[in-house]
Amino acid sequence: MTATSAHIQHVNHDHTHGVGCGHVAVPHADHVDYAHDGHMHRVHEGHYDECEVTEHSSHGGHDHAHGMGCGHVAVPHGDHVDYAHDGHRHAEHGNHYDEH
């Protein structure tokens, strides 16, 4: 299941994201997100959008435990850490992982 995200434009964003920009790039569905200031940005029609989920969506059947040394990129996100895995981000939530 893929969580949906709102189209929320990130205004006053002077930094250009791309290869070598210094921020973690995370493949996400049909685009690339960039971790910046505790949230995720994506390029969208000449501006940047916040790429944040708008609903709770658990990732079922996730047998892998994320954490230090798990082999996936850790991405600080708000008050928690997401892990880039298979083209999306997972966040631990109780006894399961959520799609981010």
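Above this text is the structure in question.
What you see is a predicted model; the values in this text were computed from it and never measured.

Novice: Residues and numbers for the overall build of the protein, please.
Specialist: A tally of helices and strands in the protein yields zero helices and ten strands. Element order for the protein, N to C, with α for helix and β for strand: β-β-β-β-β-β-β-β-β-β. When the 100 residues of the protein are sorted by exposure, 40% land in the buried category. Pairs at least 24 residues apart make up 48% of the contacts formed inside the protein by residues separated by at least 6 positions. Looking at the protein as shown, the accessible area adds up to about 6000 Å², and 51% of this sits on carbon and sulfur atoms.

Novice: Quick rundown of the nonpolar core? Include the residues and the values.
Specialist: Nonpolar side chains in soluble globular proteins generally cluster together in the buried interior. Val 26, Ala 35, Met 40, Cys 51, Val 75 and Ala 84 together form the largest nonpolar core, which totals six residues. Look past the residues within four positions of Ala 84 in its chain and what remains in contact with it is Val 26, His 72 and Val 73.

Novice: Tell me about the pairing of strand β8 (residues 80-85), and name the residues and values.
Specialist: Note: strand β7 (residues 74-77) against β8, four bridges, orientation antiparallel. Paired with His 77 across the strands is His 80, a residue of β8. If you look at the hairpin formed by β7 and β8, you'll find two residues sitting between the two strands, and Gly 78 has a positive phi there, around 60°. Across four bridges, the pairing between β8 and strand β9 (residues 88-93) is antiparallel.

Novice: Residues and numbers for the pairing of strand β2 (residues 25-28), please.
Specialist: Residues Val 26 and His 28 line the buried face of β2, whereas the alternating positions Ala 25 and Pro 27 sit on a face that is not buried. Two strands pair when backbone bridges link them, and β2 and strand β3 (residues 31-36) are joined in this way by four bridges, in the antiparallel orientation. From the neighbouring strand, Ala 25 faces β3, where its bridge partner is Tyr 34. In this antiparallel pair of consecutive strands, β2 and β3, the connection spans two residues, and Ala 29 shows a positive phi of 55°.

Novice: Lay out the environment of Asp 49 in plain terms, naming residues and giving numbers.
Specialist: With respect to the element layout, Asp 49 can be found in strand β5 (residues 47-50). Residue classification places Asp 49 among the buried residues on the basis of a relative accessible area of 4%. Between the C-alpha atoms of Asp 49 and Asp 33, which are 16 residues apart in sequence, the distance is 9.5 Å.

Novice: Please give an account of the side chain of His 41 that cites residues and values.
Specialist: With respect to the helices and strands, His 41 occurs in strand β4 (residues 39-44). When its relative accessible area of 0% is taken as the criterion, His 41 is described as buried. Of the polar contacts made by the side chain of His 41, one reaches the side chain of His 17; its length is 3.4 Å.

Thresholds, definitions, all that
- Residues numbered from 1 in each chain as written.
- Predicted model: local features only at pLDDT ≥ 70, side-chain atom pairs only at ≥ 80, totals over all residues.
- Heavy atoms only, no water.
- Helix = DSSP H or I, 4+ residues; strand = E, 2+ residues; numbered from the N terminus.
- Buried < 20%, exposed > 50% of the residue type's maximum accessible area, 1.4 Å probe, protein only.
- Contact = heavy atoms within 4.5 Å.
- Areas by Shrake-Rupley, 256 points an atom, 1.4 Å probe, with all protein chains shown as cover.
- Core = buried A, V, L, I, M, F, W, Y, C linked by side-chain atoms within 4.5 Å.
- Pairing = 2+ DSSP bridges.
- Polar contact = N/O pair within 3.5 Å; in protein donor to acceptor, adjacent residues only side chain to side chain.

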